Amino acid sequence: MNKTIKNILIASIALNTFTACDKELDIDPKVSIDELAALNTSKDVQVTLVGAYDGLSDGNVLGGGNQYIKELLVDDRDVVFGGTFTTLDEIWRKTISTTNGDITNLWMDSYNTINRVNNVLSAIDKVDQAEKPSVEGQARFIRGLLYFELVNLYGKFWGDGDNNTNLAVPLVLTPTRGITSDDSRPRATVAQIYTQVLEDLTKAEQLLPSSLTNTGFATKNAATAILSRVYLAQGNYALARDAANRVITSGTHSLAPTFEDAFNDDANAEELIFRIIVTDQDGVNDLNTFYASSSNQGRGDIRVQSKHLALYSPEDTRGQFFNVLNRNVFTLKFADRYADLPIIRLSEMYLTRAECNFRLGTSIGATALSDINLIRSRAEANNLASLTLSDIIKERRLELAFEGSNYLDIKRNKLKVGAVDYNANSLVLPVPQREIDTNKSLVQNSGY
């Protein structure tokens, strides 16, 4: 998407949340409402929803932090962290302290965003009837997505023991000034969090329209695509397949012409099902900060190693989508500092449909082999004549590298990270010490 157009869209989000009255605009033109302020009008609620999107795009959440934390946590020398931030070095080395600032900020900023969503939903009846389904759907999408991320990072993974007793994170569904000693909430179970995730995302899918005016808002397909990801995490392959197929067959999205185009805002509008908008005026792209070389305005802290590069066949253009600076190799996925951040792409839906069809022996929408070869053909990789489950898992790794997906694939497929088991204590984040000190109802994860 042209950057000028992106800036106009960002501006329109803010402008559309206020009345045309100059006096109203002069009062307090901001994108979030103080948590103690009453939400008295439809515009008040919609302003708070914009604030929730702002929270979602925070650099510690889906503005990059969530993704690189997941990638570093399950890395097995596909990359080297060569930066000076000890907090990220701890994550990469799997020696995380409970006072780790990145882990603390991810928790805090995720819950701050959830609280904004809860404020929206608490006042949903104030929203104009024509806007109400969309506003509620978007709010539920954000909350469902965030709880899905939190449960997988701070709790045992689905199916690793008893989901009904394994602890995850506190389940907060009403507005709060914060989880303090006066408002102590224990950790809900993995099963309880997943139940809420599915409820929110299913409701979002029902309420959201197929498209919205401004790119960057949640849509029906965004909810469906994340639902597919959730079902895949649970090993519910039939529902994961069907959700992925709904997105593919909706006709709303299409693959970008080339793999490189999938990360070019001028060519990827139809491939990105949900994105975090970044412009030179607003938004954060911390994947650029840590993955991109200094020649692309990044720090160059996360450097791709030969082990990863060896996964690609010589003709595969995905294996050529790197640049070299001072003998270090960097991915070009996040080379544009002001490019939108892909949260879920259409290629993932094809890969999910292929895997689920393969596991179930079905061919809903297409055969598993044809879906995999579709993705490979776009990357100019040679077609496969036959298919194994390992081929499909590898294809996900090649296509979705560094986007945050490897964490889910390692955990759900029970794969080792080097000599470390998928369910090792070191591959689960600690509850931040700040939260333990404040909320005496919280129990720390094993190993910390």
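Predicted model only: the values in this text are computed from it and were never measured.

A look at the overall build of the protein
No. 1: Helix and strand content of the protein: 17 helices and 6 strands.
No. 2: Within the protein, the fraction of its 448 residues that count as buried is 57%.
No. 3: Look at the contacts in the protein between residues 6 or more apart in sequence, and 68% of them connect residues 24 or more apart.
No. 4: Of the accessible surface of the protein, which amounts to about 17,600 Å², a share of 49% is contributed by carbon and sulfur atoms.

Considerations on the nonpolar core
No. 1: Core analysis: the largest hydrophobic core is formed by 112 residues, its most contacted members being Phe141, Ile142, Tyr147, Tyr154, Phe274, Met349 and Leu429.
No. 2: Looking at this core element by element, the count peaks at 12 residues for helix H7 (residues 132–154).
No. 3: When near neighbours in sequence (up to four residues on either side) are disregarded, methionine 349 contacts Ala225, Ser228, Ala244, Val247, Ile248, Ile273 and Ile344.
No. 4: The next biggest cluster of nonpolar side chains, apart from the first, holds 5 residues, and it includes Phe259, Ala262, Phe263 and Phe321.

As for H7
Owing to its 3.6 residues per turn, the α-helix brings residues three or four apart onto one side.
No. 1: Taking 1.5 Å of rise per residue, the 23 residues of H7 would be expected to cover 33 Å, and the 33 Å separating its terminal C-alpha atoms lies within 8% of that figure.
No. 2: Across the 23 residues that make up H7, a large majority, 22, are buried.

With respect to the packing of aromatic side chains
No. 1: Overall, the coordinates contain 15 aromatic pairs when judged by the stated rule.
No. 2: With 4.9 Å between their ring centres and 65° between their planes, phenylalanine 141 and phenylalanine 274 make a pair best called edge-to-face. Of the two residues, phenylalanine 141 sits in helix H7 while phenylalanine 274 sits in strand E2 (residues 272–276), which places them 133 residues apart along the sequence. The pair phenylalanine 141 / phenylalanine 274 is uniform in exposure class, with both members buried.
No. 3: Centre to centre, the rings of tyrosine 312 and phenylalanine 322 are 6.0 Å apart; their planes meet at 65°, and the pair counts as edge-to-face.

A word on the packing of helix H13 (residues 346–360) against helix H14 (residues 368–378)
Packed helices, taken two at a time, are described by their axes: the angle between them and the distance between them.
No. 1: Packing of H13 against H14 leaves a shortest axis separation of 8 Å and a crossing angle of 150°. Relative to H14, H13 is oriented roughly antiparallel. Taken as a pair, H13 and H14 cross one another with a handedness that is left-handed. Where H13 abuts H14, its residues Ser347, Tyr350, Leu351, Arg353, Ala354, Asn357 and Phe358 lie against Ala368, Asp371, Ile372, Leu374, Ile375 and Arg378.
No. 2: In the contact of H13 with H14, the residues fall into 8 nonpolar, 2 polar and 3 charged.

Observations concerning empty space enclosed by the protein
No. 1: Within this structure, the stated rule accounts for 4 cavities of 30 Å³ or more.
No. 2: Put simply, the largest cavity is a space of about 170 Å³.
No. 3: Lining the largest cavity are 16 residues, with Lys70, Glu149, Arg229, Gly404 and Ser405 positioned closest to its centre.
No. 4: Within the residue set of the lining of the largest cavity, elements represented by two or more residues are helix H4 (65–73), H7, strand E6 (341–345) and helix H16 (406–412).

A few points about the packing of helix H10 (residues 237–249) against H13
No. 1: Two elements in contact, H10 and H13, have axes whose closest approach is 8 Å; the angle formed by their N-to-C orientations is 140°. The angle between H10 and H13 places the two elements in the oblique class. Considering how the two elements wind past one another, H10 and H13 form a crossing that is left-handed. Contacts between H10 and H13 pair Tyr237, Ala238, Ala240, Arg241, Ala244, Asn245, Val247, Ile248 and Thr249 from the former with Leu346, Met349, Tyr350, Thr352, Arg353, Glu355, Cys356, Asn357, Arg359 and Leu360 from the latter.
No. 2: Looking at the contact of H10 with H13 residue by residue, the class counts come to 11 nonpolar, 4 polar and 4 charged.

Digging into unusual backbone geometry
Where the residue is not glycine, phi is negative for most of them; where a peptide bond is considered, it is trans in most cases.
No. 1: For arginine 77, which is not glycine, the phi torsion reads 65° and is therefore positive.
No. 2: Assignment of secondary structure puts arginine 77 in the loop between H4 and strand E1 (79–81).

As for the pairing of strand E5 (residues 328–331)
No. 1: Here 4 bridges tie strand E4 (residues 322–325) to E5, and the two strands are oriented antiparallel to one another. Among the inter-strand pairings, phenylalanine 322 is bridged to a residue of E5, identified as threonine 331.
No. 2: What sits between E4 and E5 in their antiparallel hairpin is a turn of 2 residues, with asparagine 326 showing a positive phi close to 55°.

What about the environment of phenylalanine 81?
No. 1: Note that phenylalanine 81 resides in strand E1.
No. 2: Using a relative accessible area of 4% as the deciding quantity, one classes phenylalanine 81 as buried.
No. 3: For the pair formed by phenylalanine 81 and phenylalanine 290, sequence separation is 209 residues and the distance between their alpha carbons is 9.1 Å.
No. 4: Residue contacts for phenylalanine 81: discarding those within four places in its chain leaves Leu88, Asp89, Trp92, Asp301 and Ile302.

Here we look at the pattern of salt bridges
No. 1: Under the criterion given, the structure shown has 32 salt bridges.
No. 2: Close ionic contact of glutamate 348 with arginine 229 constitutes a salt bridge, the shortest N to O distance being 2.7 Å. Taken together, the positions of glutamate 348 in helix H13 and arginine 229 in helix H9 (residues 220–234) put the pair 119 residues apart, joining distant regions of the chain.
No. 3: When its relative accessible area of 3% is taken as the criterion, glutamate 348 is described as buried.
No. 4: The partner of arginine 378 in a salt bridge is glutamate 399, with the nearest N and O atoms 3.1 Å apart. In this pair, arginine 378 is assigned in helix H14 and glutamate 399 in helix H15 (residues 389–399), connecting sequence segments 21 residues apart.

Examining the confidence of the model for the protein
A low pLDDT means the predicted coordinates there should not be read in detail.
No. 1: For the protein, per-residue confidence averages 91 on the pLDDT scale, and residues scoring 70 or more make up 90% of the total.
No. 2: This model gives residues 7–33 a pLDDT under 50, and the stretch forms 39 contacts once residues within four places in sequence are excluded.

Each value, and the rule that gives it
- Residues numbered from 1 in each chain as written.
- Predicted model: local features only at pLDDT ≥ 70, side-chain atom pairs only at ≥ 80, totals over all residues.
- Heavy atoms only, no water.
- Helix = DSSP H or I, 4+ residues; strand = E, 2+ residues; numbered from the N terminus.
- Buried < 20%, exposed > 50% of the residue type's maximum accessible area, 1.4 Å probe, protein only.
- Contact = heavy atoms within 4.5 Å.
- Areas by Shrake-Rupley, 256 points an atom, 1.4 Å probe, with all protein chains shown as cover.
- Core = buried A, V, L, I, M, F, W, Y, C linked by side-chain atoms within 4.5 Å.
- Expected span 1.5 Å × (residues − 1).
- Phe/Tyr/Trp six-rings, centres within 6.5 Å; stacked < 30°, edge-to-face > 60°.
- Axes fitted to C-alpha atoms, helices over the stretch in contact; angles between N-to-C directions.
- Parallel < 35°, antiparallel > 145°, perpendicular 65-115°, else oblique.
- Left-handed = near helix turned anticlockwise from the far one by under 90°.
- Nonpolar A, V, L, I, M, F, W, Y, C, P; charged D, E, K, R; others polar.
- 1 Å grid on protein atoms, 1.4 Å probe; cavity = no way out; pocket = protein on both sides within 12 Å on 5 of 7 lines; lining within 4 Å.
- Points joined across faces, edges and corners; volume = space filled by probe spheres on them.
- Pairing = 2+ DSSP bridges.
- Salt bridge = Lys/Arg side-chain N within 4 Å of Asp/Glu carboxyl O.
- pLDDT = per-residue confidence, 0-100.

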